[in-house]
Amino acid sequence: MFRKFFKPKSFQYKCNECGEIHSGAPSFSFAHPVYVFDVPEEEQASRVRITEDLCRIEPAPNDADQDVIYCIRCILEIPIKGSDAPFTWGIWVTQSKESFDKYIDTFDSDQTALQSFGWLAVNMPYYKATKEGEPLVHLECDVHFGPQGQRPKIYLWENTHALAVHQHRGLTWRKAVEIATFVNH
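Residues numbered from 1 in each chain as written. Predicted model: local features only at pLDDT ≥ 70, side-chain atom pairs only at ≥ 80, totals over all residues. Heavy atoms only, no water.

Visitor: What's the story with helix 5 (residues 173–184) in this structure? I'm lost.
Guide: Each α-helix winds once per 3.6 residues, and so residues spaced three or four apart point in a common direction. In a regular helix each residue adds 1.5 Å, so 12 residues correspond to 16 Å; helix 5 covers 16 Å between its end C-alpha atoms and thus fits that length. Within the span of helix 5, buried status applies to A176, V177, I179, A180 and T181. (Helix = DSSP H or I, 4+ residues; strand = E, 2+ residues; numbered from the N terminus. Expected span 1.5 Å × (residues − 1). Buried < 20%, exposed > 50% of the residue type's maximum accessible area, 1.4 Å probe, protein only.)

Right, here's the structure in full:
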């Protein structure tokens with residue numbers, strides 16, 4: 001009965017760090033998948049092919065055991081309880097060559113029937129690594145492709161990592177403010 005009368009509101013908060021009022025649901029993004037930083041700067045021009053939505057990283061010439069890394073930019077949404085909009089992260093996920101190629105081949109059409117598996121390919125501020133010494137990038141996710149020209153959304157597999165818990169259960173208003181303040185400052 002209460003939900004019937006409750007209307008979500010626009011997210012805003014007064015920042016304890018800078019004193020400004022921030023309006024709109026928080027949204028942050030990453031320019032590169034974390035694997036780009038594993039490539040020495042002098043080799044990036046020859047080994048990394050990146051656009052706003054796609055990234056392909058070639059293995060080092062002397063490393064026969066390493067595979068090409070394929071990544072796509074996606075959206076990870078975390079509901080904010082009581083807000084009309086989610087906390088949004090523009091992130092990168094890995095893809096198999098087949099999924100990467102299919103994404104490119106079908107990009108100009110409706111992709112809502114397509115899904116794939118991926119691994120998170122960013123280290124996100126506020127969220128710590130999964131285990132001591134293990135990077136955050138080892139979180140599994142399902143990639144849900146969408147309507148023509150829209151970035152896919154990812155859904156982390158349920159687990160005990162705080163990021164997955166937040167995506168599945170949502171953030172309190174206070175926790176969303178805490179994370180946004182941490183990332184902004």
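Additional details are given in the paragraphs that follow.
Visitor: Looking at this model, I keep getting lost on helix 3 (residues 97–105). Mind explaining?
Guide: Looking at helix 3, one finds that the buried residues are S99, F100 and Y103. The arc enclosing the buried residues of helix 3, seen along the axis, measures out at 100°, which places them on a common side. Away from its buried face, by an angle of more than 90 degrees, helix 3 presents the exposed residues E98 and D105. If you follow the buried residues of helix 3, they end up packed against strand 5 (54–57), strand 6 (69–78), strand 7 (87–95) and strand 8 (115–119). (Arc of directions from axis to C-beta. Contact = heavy atoms within 4.5 Å.)

Visitor: Sorry, what's going on with the packing of aromatic side chains here?
Guide: The geometry of an aromatic ring pair is captured by two quantities: the separation of the ring centres and the angle between the planes. Overall, the coordinates contain 13 aromatic pairs when judged by the stated rule. Ring plane angle 80° and centroid distance 5.6 Å describe the contact between Y103 and F107, whose orientation is recorded as edge-to-face. On the basis of relative accessible area, Y103 is assigned to the buried category, the value being 2%. Taking the relative accessible area as the measure of exposure, F107 reaches 25% and is therefore partly exposed. In this structure an aromatic cluster arises from ring pairing among F28, F30, F87, W89, Y126, Y127 and F182. In this arrangement the basic side chain of K9 is found over the ring face of W173, its NZ or CZ atom lying 5.0 Å from the centre. (Phe/Tyr/Trp six-rings, centres within 6.5 Å; stacked < 30°, edge-to-face > 60°. Lys NZ or Arg CZ within 6 Å of the ring centre and 35° of its normal.)

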